[in-house]
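# Tertiary structure, described
What follows is each chain in one-letter form.
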Amino acid sequence: MTREPIVLITGANGEVGHGLIKYLSQQAHVPEIVAFDLKPLDEALRPLVKRYLVGDILDNALLESLHQDYEIDTIYHLAALLSTSAEKFPELAHNVNVQGTVQLLHMAMREGKSRQKAVKFIYPSSIAVYGLPDLQTKAQAGAVAENDYLFPTTMYGCNKLYTEHLGRYYTNHYQQLSDMPSVGLDFRCLRFPGLISAFTVPSGGTSDYAPEMIHAAAKGEAYTCFVREDTAIPFMAMPDGIQALIQLAEAPRETLNSQVYNVTGFSATAAEIATLVQAEFPNAQISYEASAGRQGIVDTWAADVDDSRARKDWHWRPAYDIQRTFADYLFPNIRERYTETML
Ligand code: SER
């Protein structure tokens, strides 16, 4: 039986999955999509995929059946518990974020071996891998490069940092003592800042205060921000997040000098975001009540990241700076979304 080529997307029902499925399904040169998630795929996305599977990333038999049924060209492994959820359920987070990723990496290597061509494994990591020791260091550090301050204080950050290393290990060093080293994997990883979508609200993340603030204002709801006004981290508009994944996936292998790349759109404080939101929605009610735990996490994340490595190797440039993110992407789409739902 010939196996049909596909692109596999795990965590397909999440924020990034939504944007990625919409984009990839329009690309003639991309094989059809098989979507995988714990929950049934949103109805609006179903016509855009070849098949959607409801299942657990820890279910090895299901992963093996995917390998048997399809020729898997590229995997976008988006399934994960985000940082706040992972602090609430650390052992579960370890299982899903680490063990689930290991099982998928192994399946990808079996797939690569059987078709004698490395499977592209596109993996979103996070600013949560950074752990700056105090606010003074954070203020002085400027844009942090990939190898600096790698002392995550969250389970999620530890999971992401370790799995970055595993992807690099399995791609470059697996079976290094054997006469026939493995060629099954082509692991490529982005470190995302806080992503902001006009169409979905995240759940379980610690950078969620920014999208929550924006969506609450559009809905006419008061919002209490769980970090201080001066809290700064990098962010990115979702269309840039999708483009970054695609550009990394499509970059010729020989141009990539690393397996792990920072990317960012813009850095902003919570107060800067609130000012933009209040200019657009003058009735927005935004107050601040720093939650000790979540504030502590965001305080360890870099205020800005250095993405020059991505700019150099695969010509990364965000299309959305802070002004364009709000004026051209967020506000028009969010207004339309909530006007429609309120009609
Ligand atoms: N948005 C993620 C989180 O807050 C960080 O990558 O967990």
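Our structure is the block above this text.
Residues numbered from 1 in each chain as written. Predicted model: local features only at pLDDT ≥ 70, side-chain atom pairs only at ≥ 80, totals over all residues. Heavy atoms only, no water.

Our next topic: the pairing of strand β7 (residues 185–192). In terms of burial, β7 is a largely internal element, eight of the eight residues being buried. Side chains of β7 alternate between two faces, with Leu185, Phe187, Cys189 and Arg191 and Asp186, Arg188, Leu190 and Phe192 buried alike. As judged from the eight bridges shared by strand β5 (residues 119–126) and β7, these two strands associate in the parallel manner. Paired with Ile122 across the bridge in β7 is Arg188. Summarising the sheet, β7 and strand β11 (residues 260–262) pair through three bridges and their orientation is parallel. The residue of β11 that forms the bridge with Leu190 is Tyr261. (Buried < 20%, exposed > 50% of the residue type's maximum accessible area, 1.4 Å probe, protein only. Helix = DSSP H or I, 4+ residues; strand = E, 2+ residues; numbered from the N terminus. Pairing = 2+ DSSP bridges.)

Relative to the helices and strands, Thr154 is located in the loop between β6 (143–144) and α6 (155–172). Under the relative-accessibility criterion, Thr154 is labelled buried at 2%. From its side chain, Thr154 meets the backbone nitrogen of Gly157 in a polar contact 2.8 Å long. (Polar contact = N/O pair within 3.5 Å; in protein donor to acceptor, adjacent residues only side chain to side chain.)

A few words on the packing of aromatic side chains. Between two aromatic rings, the relevant description is the distance of the centres plus the angle of the planes. The final tally for this structure, using the stated rule, is 16 aromatic pairs. Centre to centre, the rings of Tyr261 and Trp314 are 5.7 Å apart; their planes meet at 85°, and the pair counts as edge-to-face. With Tyr261 in strand β11 and Trp314 in helix α11 (residues 308–314), the pair connects residues that are 53 residues apart, well separated along the chain. For Trp314, a relative accessible area of 5% gives the class buried. (Phe/Tyr/Trp six-rings, centres within 6.5 Å; stacked < 30°, edge-to-face > 60°.)

All right, on to helix α1 (residues 15–24) then. Among the 10 residues that make up α1, seven are buried, leaving the element largely enclosed by the rest of the structure. Among all positions in α1, only Glu15, Val16, Gly17, His18, Leu20, Ile21 and Leu24 are buried. Looking at the buried residues of α1, the elements they touch are β1 (4–10), β2 (32–37), β4 (70–77), β8 (194–196) and α8 (238–250). (Contact = heavy atoms within 4.5 Å.)

Further remarks concern the nonpolar core. One finds Leu8, Ile9, Tyr76, Tyr209 and Trp314 to be the most contacted residues of the largest nonpolar core, which totals 112 residues. Top element by residues in this core is helix α4 (residues 90–115). It accounts for nine residues. For Tyr76, the residues in contact, after removing those within four places along its chain, are Val7, Leu8, Ile9, Thr10, Leu20, Leu24, Ile122, Leu245, Ile246 and Ala249. (Core = buried A, V, L, I, M, F, W, Y, C linked by side-chain atoms within 4.5 Å.)

Bringing the sheet that holds β11 into the picture now. If you walk across this open sheet you meet the seven strands as β3-β2-β1-β4-β5-β7-β11, and the pairing is parallel. Every interior strand has two partners, whereas the edge strands, β3 (51–54) and β11, have only one. Geometrically, the sheet is characterised by an average inter-axis angle of 20° between neighbouring strands, direction not taken into account. Alignment of β4 against β5, held across three bridges, turns out to be parallel. Paired with Tyr76 across the two strands is Ile122, which belongs to β5. The strands that α6 touches are β5, β7 and β11; relative to β7, the one it contacts most, it runs at about 150°. (Axes fitted to C-alpha atoms, helices over the stretch in contact; angles between N-to-C directions.)

Summed over the entire model, instances satisfying the criterion amount to 16 salt bridges. The shortest N-O distance in the salt bridge between Arg110 and Glu64 comes to 2.8 Å. Residue Arg110 is located in helix α4, and its partner Glu64 is located in helix α2 (residues 60–69); the two are separated by 46 residues in the primary sequence. Via salt bridges that share partners, Glu4, Glu32 and Lys50 belong to a single interconnected network. (Salt bridge = Lys/Arg side-chain N within 4 Å of Asp/Glu carboxyl O.)

Let's shift gears to the site of the ligand. Residues in contact with the ligand, as listed here, are Leu82, Ser83, Ser126, Tyr156, Gly205, Thr206, Ser207 and Trp301. One of the backbone N or O atoms of Thr206 is found 2.5 Å from an oxygen atom in the ligand. A distance of 2.8 Å separates a nitrogen atom of the ligand from a polar atom in the side chain of Ser207. Within the complex, the protein chains bury 92% of what would otherwise be the 230 Å² of accessible surface of the ligand. Considering only residue class, the shell around the ligand consists of three nonpolar, five polar and no charged. (Near = heavy atom within 4 Å. Areas by Shrake-Rupley, 256 points an atom, 1.4 Å probe, with all protein chains shown as cover. Nonpolar A, V, L, I, M, F, W, Y, C, P; charged D, E, K, R; others polar.)

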